[in-house]
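Residues per chain are reported as follows:
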Amino acid sequence: MSAEKTSFAQALNAALDDAMADDENVIMLGEDVADEQGGGVFKVSKGLSGKYGTKRVRSTPISEQAIIGAAVGAAITGMRPVAEIMLMNFITVAMDQLVNHAAKLRFMSGGQTNVPLVVRTTTGAGVGFGGQHSDMLEAWFAHVPGIKIATASNPADAYGLMRSAIDDEDPTILIENITHYGMTGPAAEPGYRVPLGKAAIAREGGDVTLITYGRGVGDCLKAADQLADEGIEAEVIDLRTVSPWDEEAVLSSVAKTKRAVIVHEAVRPFGAGAEISSRIHEELFGELAGPVRRVASYPSPVPFAKPLETAFLYSVADIVHAARETTQKKVQ
């Protein structure tokens, strides 16, 4: 990593800039992404249309179906499009293009037609955007063979995941948490890649494994600090890629600690944590010293009112409580 600091949004901008400089087939399209319209609602694409022209960084009409449909078409003809869907809830409008076309064309063509498409999208609770603008929907797409899903917890990984997603021959959804854009951290060196499907150990420990991604990484690190004061050393696994997720890294960690807590912002029922928990039980049940716990948000649409939104979200205290529970209880 570089000694320089950068913000999450700046890291994404740098990744897009470097990718476009390296390959003229990399293009961007989405609502308001060009500089004339502001360089994106969160300024991630600021300056890029001025540098590469509006043929390569193109603002579109407000039509998610058109954005993803055009991006799929561009991808199968040799381009490497990066399509921005402003907020993840709006991705529902383009489900047919993503699920029935982008995800399946390689399979339905016998491997002859790849779809090297990146979909950038933003979401996350905590900023008062309400129920139609805040959902974490990663589990929907993790259930679809042919789509990769990644989400970064820091600026360097944001850069590296973006570069890897653009390189990849299959469609990838990059989820950017809205609360992360102002986060600062070490900048990645130009050209840095984070392999899709490869987790990182954000903190080492021997008593319990906290498995998470995106926003949950910072919260799990805070929880690990509190647990350390109680003599419980937590290992924090940052998945970075939700699908495919790094089973080897997770199972190796849980085999060491004998206990696991899975944390995600999405609502708990049928979330990604259920799949991870099931795999841990299938592979390590006889070795577990405590039950696998899940920490997630309340099963409700994301409320608009601040007190209700706060109650909807899981808390660091919830993670600490779950870790305490699994370190105290024994598997019968």
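Before any of the text, the structure's been laid out above.
Residues numbered from 1 in each chain as written. Predicted model: local features only at pLDDT ≥ 70, side-chain atom pairs only at ≥ 80, totals over all residues. Heavy atoms only, no water.

Enquirer: So what's going on with the overall build of the chain? Which residues, and what values?
Expert: Scanning the chain from terminus to terminus reveals 12 helices and 14 strands. Taking 332 residues into account, the globule formula puts the C-alpha radius of gyration at 20 Å, and the chain, at 20 Å, falls close to it. In terms of overall dimensions, the chain has a C-alpha envelope of 60 × 45 × 40 Å along the principal axes. Burial status across the chain gives 55% buried among its 332 residues. Sequence separation of at least 24 residues holds for 82% of the intrachain contacts in the chain that already meet a minimum separation of 6. Put simply, the chain shows about 13,900 Å² of open surface, and 53% of that area lies on carbon and sulfur atoms. In the chain, the 30 positive side-chain charges and the 42 negative ones have mean positions that sit 2 Å from each other. (Helix = DSSP H or I, 4+ residues; strand = E, 2+ residues; numbered from the N terminus. Rg over C-alpha atoms; globule rule 2.2 N^0.38 Å. Buried < 20%, exposed > 50% of the residue type's maximum accessible area, 1.4 Å probe, protein only. Contact = heavy atoms within 4.5 Å. Areas by Shrake-Rupley, 256 points an atom, 1.4 Å probe, with all protein chains shown as cover. Lys, Arg positive; Asp, Glu negative; His and termini not counted. Charge placed at Lys NZ, Arg CZ, Asp CG, Glu CD.)

Enquirer: I'd like a rundown of the sheet that holds strand S10 (residues 208-212), residues and numbers included.
Expert: Across the sheet, 5 strands lie side by side as S9-S11-S10-S13-S14; this open sheet has mixed pairing. Across the chains shown, the open sheet's two edge strands, defined by having one partner strand only, are strand S9 (200-203) and strand S14 (293-297). Averaged over all pairs of adjacent strands, the angle between strand axes in this sheet comes to 25°, irrespective of strand direction. Where S10 meets strand S11 (residues 234-238), 5 bridges bridge the pair, whose relative direction is parallel. Of the residues in S11, the one forming a bridge with Thr209 is Glu235. (Pairing = 2+ DSSP bridges. Axes fitted to C-alpha atoms, helices over the stretch in contact; angles between N-to-C directions.)

Enquirer: So what's going on with the pairing of strand S7 (residues 172-177)? Residues and values would help.
Expert: Of all 6 residues in S7, 6 are buried, a share of seventy percent or more. Side chains of S7 alternate between two faces, with Thr172, Leu174 and Glu176 and Ile173, Ile175 and Asn177 buried alike. Inspection of the sheet shows strand S5 (residues 118-123) paired to S7 by 6 bridges, in the parallel sense. Residue pairing across strands places Thr123 opposite Asn177, the latter belonging to S7.

Enquirer: Lay out the nonpolar core with the relevant residues and their values.
Expert: Ranked by size, the top nonpolar core spans 45 residues in total, and within it Ile68, Leu117, Phe141, Ile211, Leu239, Val250 and Ile280 carry the most contacts. At 5 residues, the largest contribution of residues to this core is made by helix H3 (residues 64-76). Setting aside its immediate chain neighbours within four residues, Phe141 contacts Met88, Ile91, Met95, Leu98, Val99, Ile147, Ile149 and Ile173. Leu12, Met28, Val118 and Ala156 belong to the second-largest nonpolar core, a separate cluster that totals 32 residues. (Core = buried A, V, L, I, M, F, W, Y, C linked by side-chain atoms within 4.5 Å.)

Enquirer: Please give an account of the pattern of salt bridges that cites residues and values.
Expert: Scanning the model with the defined rule gives 21 salt bridges in all. The salt bridge partner of Asp157 is Arg240, with a shortest N-O separation of 3.5 Å. In this pair, Asp157 is assigned in helix H7 (residues 155-167) and Arg240 in the loop between S11 and strand S12 (241-243), connecting sequence segments 83 residues apart. Take Arg240: its relative accessible area is 9%, and that puts it in the buried class. Linking Glu265 and Arg215 is a salt bridge whose minimum nitrogen-to-oxygen distance equals 3.3 Å. Of this pair, Glu265 sits in strand S13 (residues 260-267) while Arg215 sits in helix H8 (residues 215-229); the two residues are 50 residues apart in sequence, bridging distant segments of the chain. (Salt bridge = Lys/Arg side-chain N within 4 Å of Asp/Glu carboxyl O.)

Enquirer: How would you explain helix H4 (residues 95-102) if you had to name every residue and give the values?
Expert: Looking only at H4, the buried set comprises Gln97, Leu98, Val99 and Ala102. Contacts from the buried residues of H4 go to H3, helix H5 (105-108), S5 and helix H6 (138-142).

Enquirer: So what's going on with the sheet that holds S12? Which residues, and what values?
Expert: Taken together, the 7 strands give an open sheet; going across it, the order is S3-S2-S4-S5-S7-S6-S12, and neighbouring strands pair in mixed fashion. Each edge of the open sheet carries a strand with a single partner, namely strand S3 (57-59) and S12. Ignoring which end each strand starts from, the neighbouring axes of this sheet average 20° apart. Here strand S2 (residues 26-30) runs beside S3; their pairing, made up of 3 bridges, is parallel.

Enquirer: With reference to specific residues and values, describe the side chain of Ser253.
Expert: Along the polypeptide, Ser253 turns up in helix H9 (residues 247-257). Ignoring sequence-local partners within four residues, the contact set of Ser253 consists of Thr209, Glu235 and Ile237.

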